[in-house]
Amino acid sequence: ELMQELCNDYNRNLLIAEKIKNAYKEGKHIIVLSDRVEHCETLQNLCGIQDSIILTGTTKKKDRESIKQDMNDRKYRVLFATSWQEKGWTLHTLIH
């Protein structure tokens, strides 16, 4: 399947990771969306950014709330997510 090939393409993932790291070095807060948990994990590992977190559809509601608060409190600057979980979730770090 094409999506699996794209997610497993090492050179493509390195390019994506470099883009993420460059934006991070510029002080930006970043959301990286993928429809695959494994892809989020791969990109997070390639980036090596400590203040990043992964949010998936299986993340418990309590943990989602904690992640939302941590993002708004600027504990994490990079969010890897398999989907945008909730309507009405404003990440203040992205708009300020």
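1. With respect to the overall build of the chain
Here's step 1: Per the secondary structure count, the chain includes five helices and three strands.
Here's step 2: Mapped from its N terminus to its C terminus, the chain presents α and β elements in the order α-α-β-α-β-α-β-α.
Here's step 3: Considering only intrachain contacts with a sequence separation of at least 6, the fraction spanning at least 24 residues in the chain is 67%.
Here's step 4: Total accessible area on the chain stands at roughly 6,100 Å², and carbon and sulfur atoms take up 49% of it.

2. As for the packing of aromatic side chains
Here's step 1: The tally for this structure, following the rule as stated, stands at zero aromatic pairs.
Here's step 2: Lying across the ring of tyrosine 24, arginine 77 places its NZ or CZ 3.8 Å from the centre.

3. A word on the pairing of strand 2 (residues 52–55)
Here's step 1: The alternating pattern of strand 2 places Ser52 and Ile54 on one face and Ile53 and Leu55 on the opposite face, and all of these are buried.
Here's step 2: Note that strand 2 and strand 3 (residues 78–81) share four bridges and pair parallel. Along strand 3, the bridge assignment pairs leucine 55 with alanine 81.

4. Quick word on the nonpolar core
Here's step 1: Of all hydrophobic cores here, the largest spans 12 residues; its members are Ala17, Ile20, Ala23, Ile30, Val32, Cys40, Leu43, Cys47, Ile49, Ile54, Val78 and Phe80.
Here's step 2: Aside from chain neighbours lying at most four places away, what touches valine 78 is Ile20, Tyr24, Ile30, Val32, Ile49, Asp51, Ser52 and Ile53.
Here's step 3: Counting residues in each nonpolar core, the second largest holds seven residues, with Ile53, Leu55, Met71 and Ala81 among its members.

Thresholds, definitions, all that
Residues numbered from 1 in each chain as written. Predicted model: local features only at pLDDT ≥ 70, side-chain atom pairs only at ≥ 80, totals over all residues. Heavy atoms only, no water. Helix = DSSP H or I, 4+ residues; strand = E, 2+ residues; numbered from the N terminus. Contact = heavy atoms within 4.5 Å. Areas by Shrake-Rupley, 256 points an atom, 1.4 Å probe, with all protein chains shown as cover. Phe/Tyr/Trp six-rings, centres within 6.5 Å; stacked < 30°, edge-to-face > 60°. Lys NZ or Arg CZ within 6 Å of the ring centre and 35° of its normal. Buried < 20%, exposed > 50% of the residue type's maximum accessible area, 1.4 Å probe, protein only. Pairing = 2+ DSSP bridges. Core = buried A, V, L, I, M, F, W, Y, C linked by side-chain atoms within 4.5 Å.

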